[in-house]
Each structure stands twice: as structure tokens, then as C-alpha cells.
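Residues per chain are reported as follows:
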Amino acid sequence: MNNLSGKVAIVTGGAGGLGGATSRLLAARGAHVVITDVATAAGEALAKEIGGTFVRHDVADPAQWDLVVATALKVTGHIDILVNGAGIEGDFSKGGLATDLAEWRHVMSINLDGTFLGCRAVMPSMLAAGKGAIVNISSIVSFMGTPTALAYGASKAGVEQLSRSLALMGAQNGNKVRCNAIHPGVIRTRMTDNIFASFAAAQGITAAEAEAGLCTTIPLGARGEPQDIANTIAFLVSDEAAYVTGASIRVDGGWSVTSAG
Ligand SMILES: NC(=O)c1ccc[n+]([C@@H]2O[C@H](COP(=O)([O-])OP(=O)(O)OC[C@H]3O[C@@H](n4cnc5c(N)ncnc54)[C@H](O)[C@@H]3O)[C@@H](O)[C@H]2O)c1
């Protein structure tokens, strides 16, 4: 299926677990993918593997977005797709009221500022073309209380709300710039490996035991795979999703509809 042929996609955090799977799938469907990340070696290697372009980029830095947009526009003169996938979980040892302001601001700067800056940088060229597709990676925790990760939960709820406003802006004046939020549950990446390790350390159990315990609360019984998220994003950015905007799509194995989720 080459339904993204001729399209240019920017994927931030494109060297990571979810960003990497998404970059690979969008490229396999015909898009030219501009991978951006602070992880240079991994980003360069993946860009080489999929025939894309890598830009070393900190999403929290507004000036660096200019370079990303200029690089993407050089490919064909338009930017069709933006996936805001860069994110951090923050320091779980500083949860609840132990969250200091520096930690709060650090998490917000990447997860929420970075998403805002990306949309602000890319939307003008999409609006000029009258079309485009943005997917912001929020989290299922945007619907939950997260006392051990105050900043992370608030940042992801902010990403969801921002996506709704952008959906309205993108539909003004007859434009078809779509913006959707995706809410992954517990997906197998470095991030959730780290979260299970820190829960395990706090509870005096192994990371495998922490994972097994949590997975009993997920109706589909396991962590999701990065491909599950990539598949959903590939649909949302495709023309098959032409009438989908302002949506919040949960990809969580049913976790958030249980009382434990
Ligand atoms: N894995 C999950 O279960 C899960 C669940 C819900 C939401 N998410 C969200 O999905 C996104 C991807 O997470 P992941 O699980 O793939 O984690 P990951 O750590 O594998 O990938 C995150 C990527 O973002 C990059 N990054 C970090 N700070 C950056 C910055 N300032 N500028 C540019 N890039 C930066 C990292 O280098 C890394 O490559 C994150 O926004 C995360 O919050 C993940």
C-alpha cells in the first residue's frame, strides 16, 4: 500500500520507540520522512535505513524549528504531515508534591511547548496549501490522575486540548488541515521499560513482575507494540482519514475503559 506516495512527513522523536516505528511505516507507504530528534546517531541511522532525512533538533527550541521546516520544504516545497512524537516521562523519583518547578518546566517544555512549537511552525505552510495532517502523541494518562507523574499527565492533557483548538483552526476558511490526538496506553518502548524499572525499584520487585501485575489490568492482557501506534498514525495521516479531525483516538488495549485504567 503506497497511499502516502509524494507526501513529506516530519516525525519528531523519530528515532524513538513510537517515532521510529511511525517513521518506518510512513516511509514504507511512500512518504519522504524528515526524522527529527536529539538522539543523533539513532536518527541518522534510521534516516539512512528508510531513505529519509535526519535533522538534529530539540523540539523545545523555537529557533531550531525554522531549520526543520526549511529542510522539509526543500524536498518538494510542501509539508503534508507532522507527527509530534518527541516526549519524556520526567523523573519519577520526584512525583507528587516533590515535583520541583525545574522538573515541571522541563517536562512541559518538551511535551507541551514542543508540540505547540511544531504546530505553530508547520501549520502556515499547510494552511497555504489548504491541506495537511497533524498527529500529536498525547497519552492515555491525559484521562487519568497521575500523582507519581504530575507534570507528565498535565502536559499530555494539554496536548489533547491543544489538538482540538488546532483542528478548528485548520478547518477555517475552507481549509482541510486536520489535527488529531492519539492516546497510547502502555506500549513496549524505552519509556515504559524505564517506568516499570522505577515502579519495581520502589516496590522491591522485578521489572518483569511489575509489568505482569499491570498487564492483568489491561483487557487485551499485554503491553502494546510500537507498530500498533504506527498503524493508527498511518491511517490518521492518510487520505482515508479525510473526515477525521479533532479526534482523540485511544490505542490502549481497552485499559482506559476499565476501573483500573
Ligand atoms: N510508550 C508508551 O507507552 C507511551 C504511552 C503514551 C504516550 N507515549 C508518548 O509517545 C511519545 C514517544 O514515546 P516513546 O515511548 O517512543 O519513548 P522513547 O523514549 O522511545 O522516544 C522518545 C523520543 O523523543 C526524543 N526526545 C526527547 N527529548 C527530545 C527533545 N527535546 N527534542 C527532540 N526529541 C526529543 C528521544 O530522544 C526519543 O528518541 C512520547 O511523547 C510519549 O510521551 C508513549
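Preceding block: the structure.
The residue numbers shown here count from 1 along each chain, following its written sequence. With pLDDT at 70 or above as the cut-off, local features in this predicted model cover only qualifying residues; side-chain atom pairs require 80 or more to be listed or tallied, and sums for whole chains, interfaces and linings still use all residues. Water and hydrogen atoms play no part in the side-chain values, which are based on all heavy atoms of the structure.

Right, let's get into the site of the ligand. Nearness here has a simple test: a residue counts as near a molecule or strand if at least one of its heavy atoms is within 4 Å of that partner. Near the ligand you find 29 residues, and of these Leu18, Asp37, Tyr152, Ile187 and Thr189 are the closest. Side-chain polar atom of Asp37 to an oxygen atom of the ligand: 2.6 Å apart, as the coordinates give it. For the ligand, an oxygen atom lies 2.6 Å from a polar atom in the side chain of Thr189. Exposure was quantified through the Shrake-Rupley algorithm and a 1.4 Å probe, taking into account, for residues, occlusion by the shown protein chains and nothing else. The fraction of the free accessible surface of the ligand (820 Å²) that becomes covered by protein chains is 92%. Segments assigned H or I by DSSP are reported as helices when at least four residues long, segments assigned E as strands when at least two residues long, and all are numbered from the N terminus. Where the shell around the ligand is concerned, the elements lending two or more residues are helix H1 (17-28), helix H5 (150-170) and helix H6 (190-203). No other element matches the three residues that H6 contributes to the shell around the ligand. Throughout this entry, Asp, Glu, Lys and Arg are counted as charged residues, while Ala, Val, Leu, Ile, Met, Phe, Trp, Tyr, Cys and Pro are counted as nonpolar. The remaining residues, Gly among them, count as polar. Looking at the shell around the ligand, its residues break down into 14 nonpolar, eleven polar and four charged. Polar contacts, as counted here, are pairs of nitrogen or oxygen atoms within 3.5 Å of one another; within protein the pair requires one atom able to donate a hydrogen and one able to accept it, and residues that are adjacent in sequence qualify only if both atoms are side-chain atoms.

Turning our attention to the nonpolar core. Only buried residues count toward a nonpolar core. Its members are Ala, Val, Leu, Ile, Met, Phe, Trp, Tyr and Cys residues joined through side-chain atoms within 4.5 Å. Think of it in three bands: residues with accessible area under 20% of the maximum for their type are buried, residues over 50% are exposed, and the middle band is partly exposed, with areas taken using a 1.4 Å probe on protein chains only. Leu26, Val33, Ile233 and Val237 are the most contacted members of the largest nonpolar core, which has 29 residues in total. If you look at the next biggest cluster of nonpolar residues, it comprises 27 residues, including Val34, Ile79, Cys119 and Val177.

What follows deals with the packing of aromatic side chains. The aromatic pairing rule takes the rings of Phe, Tyr and Trp, using the six-membered ring of Trp, and pairs them if the centres are within 6.5 Å, calling planes under 30 degrees apart stacked, those over 60 edge-to-face and the rest tilted. Inspection of the entire model under this criterion finds one aromatic pair. An angle of 65° between the planes, with centres 6.1 Å apart, marks the rings of Phe92 and Phe199 as edge-to-face. Of this pair, Phe92 sits in the loop between strand S4 (81-84) and helix H4 (101-129) while Phe199 sits in helix H6, and the two are 107 residues apart along the sequence. For a Lys NZ or an Arg CZ to count as sitting over a ring, it must be within 6 Å of the ring centre and within 35 degrees of the ring normal. Lying across the ring of Phe143, Arg250 places its NZ or CZ 4.0 Å from the centre.

Any two side chains of opposite charge can pair, so long as their charged atoms come close to each other. Each salt bridge in this description consists of a side-chain nitrogen of Lys or Arg and a carboxyl oxygen of Asp or Glu lying within 4 Å of one another. A full pass over the atoms with the stated rule returns nine salt bridges. Among the ionic pairs, Glu49 bridges to Arg24, the shortest N-O distance being 2.7 Å. Taken together, the residues Glu49 in helix H2 (residues 40-50) and Arg24 in helix H1 connect sequence positions 25 residues apart. Linking Asp193 and Arg223 is a salt bridge whose minimum nitrogen-to-oxygen distance equals 3.0 Å. A residue pair is termed long-range when its members are at least 10 positions apart, and Asp193 in helix H6 and Arg223 in the loop between helix H7 (207-215) and helix H8 (226-236) qualify at 30 residues. Exposure remark for Asp193: the relative accessible area of 40% places this residue in the partly exposed category. A single network of salt bridges, built from pairs that share partners, joins Arg188, Asp193, Glu211, Arg223 and Glu225.

Attention now goes to the packing of helix H3 (residues 62-76) against H4. All axes are obtained by fitting lines to C-alpha atoms, using only the stretch in contact for helices, and the reported angles, taken between N-to-C directions, cover 0 to 180 degrees. Interhelical geometry of H3 versus H4 gives an angle of 40° and a closest axis separation of 10 Å. Taken together, the axes of H3 and H4 lie oblique to each other. Pair H3 / H4 crosses with right-handed handedness. Mapping the contact onto sequence places Pro62, Trp65, Val69 and Leu73 in H3 and Gly114, Leu117, Gly118, Arg120, Ala121, Val122 and Ser125 in H4. Taken together, the residues that form the contact of H3 with H4 break down as seven nonpolar, three polar and one charged. An angle below 35 degrees is treated as roughly parallel, one above 145 as roughly antiparallel, one from 65 to 115 as roughly perpendicular, and anything else as oblique. We call a crossing left-handed when the near helix sits turned anticlockwise from the far one by less than a right angle, and right-handed when that turn is clockwise. Any two residues whose heavy atoms approach within 4.5 Å are treated as being in contact.

Buried residues dominate strand S6 (residues 176-184), accounting for eight of its nine residues. A pair of strands is treated as paired once DSSP finds two or more bridges between them. When strand S5 (residues 131-137) meets S6, the two strands line up parallel, connected through seven bridges. Bridging across to S6, Ile134 finds its partner in Cys179. As for the winding sense of the linkage, the β-α-β connection from S5 through H5 to S6 is right-handed. Looking down the strands as they point away from you, a crossover is right-handed if its path from the first strand over the helix to the second goes clockwise.

Taken residue by residue, H7 has Ala210, Glu211 and Cys215 as its buried positions. The buried residues of H7 occupy an angular sector of 130° when the element is viewed end-on, so they sit on one face. For H7, the secondary structure elements touched by its buried residues are H6. The directions considered for the arc run from the helix axis to the C-beta atoms.

Our next topic: H6. Within an α-helix, residues lying three or four positions from one another point in the same direction, as the helix has 3.6 residues per turn. Expected span, for any helix, means 1.5 Å times one less than how many residues it has. Over its 14 residues, H6 extends 20 Å from the first C-alpha to the last, a length consistent with the 20 Å expected when each residue adds 1.5 Å. For H6, the set of buried residues is Met191, Thr192, Ile195, Phe196 and Ala200. Here the buried residues of H6 occupy an arc of 165° about the axis, which is enough to place them on one side. Seen from the buried face of H6, the exposed residues on the opposite side, beyond 90 degrees, are Arg190 and Ala201.

A cluster of nonpolar side chains, contributed by Leu101, Trp104 and Leu150, occupies part of the molecular surface with about 270 Å² of accessible area. For Leu150, a relative accessible area of 35% corresponds to the partly exposed category. Residues enter patches when their relative accessible area tops 30% and they take part in no salt bridge; the joining distance is 9 Å for like charges and 5 Å for the nonpolar side chains Val, Leu, Ile, Met, Phe, Trp and Tyr.

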